[in-house]
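# Commentary on secondary and tertiary structure
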Amino acid sequence: MSEHTVQHVATLLNSKDARKRSERTSMPPEWDLIVIGSGSAGLVASRTAARFGANVLLVERSRLGGDCLWTGCVPSKSLIAAAHAAQVARASGNFGVSASRVSVDFAQAMGHVQDAVNAIAPHDSVEALGALGVEVRMGEARFTGGHTLDIDGEEHQFRQALIATGTTPRLPTLPGADAVEILTSDTIWNLNELPGRLVILGGGAIGSELGQALARLGSHVTIINRENRILPREDPHASAILQASLDRDGVEVLHGRRAVEIASTDGIAGDVVLDDGRRIRFDRLLAALGRDAQLDTLSPRLAGVDTTEHGYVRIDGSLRTTNKRIWAAGDIAGLPKFSHVAGVSGSVAATNALLGLRRKFDDRAFRGSRSRRRRSPLSGWLPRMPWTASIACTRSNTPLSIARSPKETLTGSPRSSWTSADECSAEPSSAPGQERASEN
Ligand SMILES: Cc1cc2nc3c(=O)[nH]c(=O)nc-3n(C[C@H](O)[C@H](O)[C@H](O)COP(=O)(O)OP(=O)(O)OC[C@H]3O[C@@H](n4cnc5c(N)ncnc54)[C@H](O)[C@@H]3O)c2cc1C
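Below is a summary of the structure that appears in this document.

Definitions and cut-offs
Residues numbered from 1 in each chain as written. Predicted model: local features only at pLDDT ≥ 70, side-chain atom pairs only at ≥ 80, totals over all residues. Helix = DSSP H or I, 4+ residues; strand = E, 2+ residues; numbered from the N terminus. Buried ≥ 20, exposed ≤ 12 C-beta atoms within 10 Å, placed from the backbone. Contact = placed C-beta atoms within 7 Å. Pairing = 2+ DSSP bridges. Axes fitted to C-alpha atoms, helices over the stretch in contact; angles between N-to-C directions.

## Section: the overall build of the chain
Along the chain, the regular secondary structure elements total 13 helices and 16 strands. Per-residue burial for the chain yields a buried fraction of 43% across its 440 residues. Once local pairs closer than 6 in sequence are excluded, the contacts in the chain between residues at least 24 apart make up 67%.

## A word on the pairing of strand β12 (residues 270-274)
Sheet faces and side chains relate simply in a regular strand, where the side chains alternate between the two faces. Sheet topology places strand β11 (residues 259-264) next to β12; five bridges connect them, and they run antiparallel. Opposite Glu 261, over in β12, you have Val 273 as the bridge partner. Connecting the antiparallel pair β11 and β12 is a turn made up of five residues, with Gly 267 showing a positive phi of about 80°. Here β12 pairs with strand β13 (residues 279-282) via four bridges, running antiparallel. Counterpart to Val 273 in the pairing with β13 is Arg 279. Between the antiparallel neighbours β12 and β13 lie four residues, among them Gly 277 with a positive phi of about 90°.

## Structural notes on unusual backbone geometry
Backbone geometry places Asp 152, a non-glycine residue, at a positive phi of 45°. Inspection of the secondary structure puts Asp 152 in the loop between β5 (148-151) and β6 (154-163). Residue Asp 152 is classed as exposed on the basis of its 12 C-beta neighbours within 10 Å. Of note in this structure, Leu 319 is not a glycine but carries a positive phi near 75°. Overall, Leu 319 belongs to the buried group, with 28 C-beta atoms counted inside 10 Å.

## Examining the sheet that holds strand β8 (residues 197-201)
Read from one edge to the other, the open sheet built from four strands follows the order β10-β9-β8-β14, with strand pairing classed as parallel. A single partner strand is all that each edge strand has here, and the edge strands are β10 (252-255) and β14 (284-287). Neighbour-to-neighbour, the strand axes of the sheet open up by a mean angle of 20°, direction not taken into account. Sitting on the sheet, helix α7 (residues 205-217) is in contact with β8, β9 (220-225) and β14, with an inclination near 165° to β9.

## Overview of the sheet that holds β11
With respect to topology, three strands assemble into an open sheet ordered β11-β12-β13, the strand pairing being antiparallel. The sheet is open, and its two borders are formed by β11 and β13, each paired with just one other strand. Within the sheet, the average angular offset between the axes of one strand and its neighbour, ignoring direction, is 25°.

## Re the pairing of strand β4 (residues 141-145)
Bridge count between β4 and β5: four bridges; the pairing is antiparallel. Paired with Arg 142 across the strands is Asp 150, a residue of β5. Counting the residues in the hairpin turn of β4 and β5 gives two residues.

Here it is, written out as structure tokens:
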């Protein structure tokens, strides 16, 4: 341990006494680390900080667990599991197994999704975090200065802070959009009736996975995709595999088309008008157009934290912002939008903040094939996720040489199992979380 790190550890050990002193006086409480946002990034960061013995406060304005638990990975993969069961049952005749007519109870399928969320939620509860030494405040955080924060009217001081406030789904700004209730990946989980005709704006990962799942459960799904292939950020052969699968499931994908207007008479169903004049009828409309940074009420500028032209927090290679006490991790830092990237970046940021380190966070292996070709010494074929890795491994029969490359380039790689030959022999299943940055 360097002398520098030893000093930081000594400061941490003294800080609990300092906080007790501030509690006895009228001074606002001072924390070693305040983490804003309890998604994958914030949760991992606060648990890491608590393990170092730091005084850590986690602030959350909505539900502990963030997007991945409530509206992202967990519900979407549970819905995909239900859809997969329906698809397997339908295809069982091909194997000589007879399943009589397959019927789907959509409300029950959504109940299964909710059960999966509810099974995981207790792991991220106030009690579970408290048991690890993380103090939690439910409330809206807002910077009031370079080392102060307001939480619903209560002032707090921090030695270090971490912004982990994530992103929100982008809504279309088309004529007529205000007059119709547009579903997003935040709200689709409240549906209890399967839409007969579902139109999805956007052919990225979220549009594709939700579209395929709902088609397998019985909706007629049309995806309007302004690019000329599905998953435009992935390697073309990955797009081709997914397109073939969507075709088999009866999902209609209109490539190279833009919606120019939404016309609805009852505020729920209606038509999407395309740039070629066609009208596509929908019972429900889902926007999967990408995600925007969630900094609306945080006032980062009051803390001297700059943002990028796309609205994300500006960070350096060690995840530090333009205020040297403040760090950012996860989706809000403009990193590839995956929960494991958020988690690892949260851990790196908390470690750097508390131990005075400058560990670099290298996310190149997670980026889309286009930007990987531009930014990385690795060539564009490198599979980004295990499920695509398994396809590549199966094809080339050289599992270790393929799988080792990304691991070696990663700082803090969350996937040590990429090298497993078993994984290389596994069939690719569903596509867990491709590039979330630009649904289109
Ligand atoms: C449909 C869908 C499917 C997905 N599937 C996958 C997948 O299969 N695999 C995968 O790896 N990734 C997947 N993702 C992406 C993954 O969910 C995100 O990358 C991850 O949740 C980002 O975590 P985060 O901590 O950066 O932010 P979030 O999870 O968004 O958490 C941010 C938190 O900050 C809180 N907050 C914001 N502002 C404030 C404030 N001012 N004060 C207090 N609290 C605040 C918010 O309420 C929120 O709880 C999916 C996403 C979606 C939408």
